[in-house]
Amino acid sequence: MRRSRAFQTFKRKYVWVFFVAPAVVVLLGIVIFPLIFSLSLSLHEWNIIRAGGWNWTGLDNYAMILFMDPYFRTALKVTFLYLAGTVPVQFALGLAVALILYRITRKIIGFLRTSLVFPSIMTPIVVGIIWRLMYNPDMGMLNYFLKLLGLPPVNWTGSPLSALPSVMMADIWEWTPFMALILLAGLQALPKEPYEAAIVDGASAGQVLRYITLPLLSPVMIVAILIRLMDSFKTFDLIFVLTGGGPGMSTEILNYYTYRYGFKFFHMGYASALSWLLVVTVTVIALILIKTMRSRGIYAAGG
Amino acid sequence: MGFITGKIKKIIFVVLTVIVFGIILFPPFVLFLTSVKTDIDALAFPPKWIFKPTIKNYVQIFQTSPFLRYILNSLIVASLNTFIALVLGSLAAYGLARYTFKGSENISFWILSIRMMPPVAAIIPLYIIMKNLHILDTPWCLVLIYLTFNLPFTVWMMKGFFEDVPREIEESALIDGCSEFDVFRKIALPLVSPGLAATAILVFIFSWNEFLFALILTGTRATTLPVGIILYMKETGINWGYMTAGGILALIPVVIFTMLVQKHLVKGLTLGALK
């Protein structure tokens, strides 16, 4: 009897292992093991097409990337421009849209909210096709609108100057509604009391926005920006369909450069080293995001 | 005076709202419009607004290209992946939500951080591993690999749903002599079934939409829908009819499913960062 009670306590204490272990084992197998594999590969030189094994090169790949690879620098610059030109714009526009929609209390808000969701949950490849259609220099809608306004046509994704802004514009279309949706949910979950107090004190609409709404909304804003920042590094589908990284390298962000090194040039070691630089960068943002999530529960009205 | 400014303000808001949603809805509308045009109408400039719609593209895409196979491949991959992610994920989520042990929070956040990894980082080693296992270009390969993002997502979502359910019912069942696993299966799981359904739908959509892994890990046999659609974009030119019709067909399940999970979308899209 006593032994069985001891067994019961043991069981109660460690039963979680049986629940959690299968998922953890699978994740170790399909994520952690491959990542370690790629870390090791990044210390070697290996072309998957040419015959021959892995050649140990130590940190050569990383040194090459950081100090000798001009294309890496270009990709880094494009990545920076891409992030700087999309995430802040999405945030500003998204906040504006959220503040407009926040005032709508009629039934139509349900339809509007559903429309906001679509761009971010649509198959990204199809978003790319949509914009390829819009940007088509011969029959696209955008050049048609320019013509209506009496402006000359633009070779949107075809010229090195306009290609990156074109991809960014499509990205902004795809993700601004996501920002708006999150910020709207955040607005709707704000407590009512500070507003009542502000009305009693005779605060203006601008003051309410500046001193109450924005500070209260800041945790939601931080989460929204961090998520977008993290995901922007991983942009692939849109670039693949719209430009394939070109013309030249004008739209080749780091993520795309890594893909091309691995699967067009087949330099798996070098590409692994590139991908590890990406992992480190994204992990830093992810850790900040997780830290924000851990330090406080952030509430937003769902749906 | 105040009445008039109020009215002007209201009109401005309505106009702004219409503009915003015009911008959101117009591009997909153009996709649809092109998909029901003949090849000649589709290439016309200025674009034709009035034309005789045709379903030619929707019929021919099935007749002259393996579009049905792309759909079936996508369905197989997405359904199997959803099933496995849900089984493994809800078990783990229950364990993490109900048993607070040393490091349980760390495990939870470790799992969440996996969801945030850039897929490009995993694709090189996974390609080599799958090649050596000889399962490249099979649905099984994608079923397994989509777990890299869908399993952490499921764990994280379901953990939230389990935490929202009071544990008293489960505790009384345990005292009555039910085994832990029975409590999970017969009591806890039915209680979170709406959350389970929402998670399943989101996981399905993520698999359905995935492109990068499918592009690299499939060749000719296991081609999924997004990769299949891209094949209509050739060096010699783009088959706009097929591309747009294929795009619309790919979006249909996504649109229907999205409407079903409205309530959980903010939570889902922010990985539970916002509750």
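Residues numbered from 1 in each chain as written. Chains lettered and ligands numbered in written order. Predicted model: local features only at pLDDT ≥ 70, side-chain atom pairs only at ≥ 80, totals over all residues. Heavy atoms only, no water.

Q: A description of helix α5 (residues 124–135) of chain A should follow, citing residues and the corresponding values.
A: Residue and element names in this part refer to chain A. Across its twelve residues, α5 extends 16 Å between first and last C-alpha, which sits within 8% of the 16 Å expected from 1.5 Å per residue. Within α5, ten of the twelve residues are buried, leaving the element largely enclosed by the surrounding structure. Those residues of α5 that fall on the buried side of the exposure criterion are I125, V126, V127, G128, I129, I130, W131, L133, M134 and Y135. (Helix = DSSP H or I, 4+ residues; strand = E, 2+ residues; numbered from the N terminus. Expected span 1.5 Å × (residues − 1). Buried < 20%, exposed > 50% of the residue type's maximum accessible area, 1.4 Å probe, protein only.)

Q: Please set out the domain arrangement of chain A residue by residue, giving values where relevant.
A: Bring the parts together and some accessible area is lost; that lost area is often taken as the interface size. All names here are of chain A. The domain boundaries assigned to chain A delineate domain 1 (1–42) and domain 2 (59–302). Taking only C-alpha atoms into account, the centre of domain 1 sits 36 Å from that of domain 2. Both sides together, the interface formed by domain 1 and domain 2 hides about 530 Å², and carbon and sulfur atoms give 61% of it. Broken down residue by residue, the surface that domain 1 buries against domain 2 is led by L35, L41 and S42, which jointly contribute 71%. If you look at where domain 1 meets domain 2, you find zero salt bridges. Joining domain 1 to domain 2, the criterion identifies four residue pairs in polar contact (both at pLDDT 80 or more). Among the residues making up the side of domain 1 that touches domain 2, the classes are represented as three nonpolar, two polar and no charged. (Domains from an automatic or database assignment. Buried area = accessible area lost by both parts, 1.4 Å probe. Salt bridge = Lys/Arg side-chain N within 4 Å of Asp/Glu carboxyl O. Polar contact = N/O pair within 3.5 Å; in protein donor to acceptor, adjacent residues only side chain to side chain. Nonpolar A, V, L, I, M, F, W, Y, C, P; charged D, E, K, R; others polar.)

Q: Break down the pattern of salt bridges for me, citing the residues and quoting the values.
A: Residues and elements named next belong to chain A. By the definition in use, this model includes nine salt bridges over all chains. The shortest N-O distance in the salt bridge between R260 and E252 comes to 2.8 Å. Since its relative accessible area comes to 23%, R260 is described here as partly exposed.

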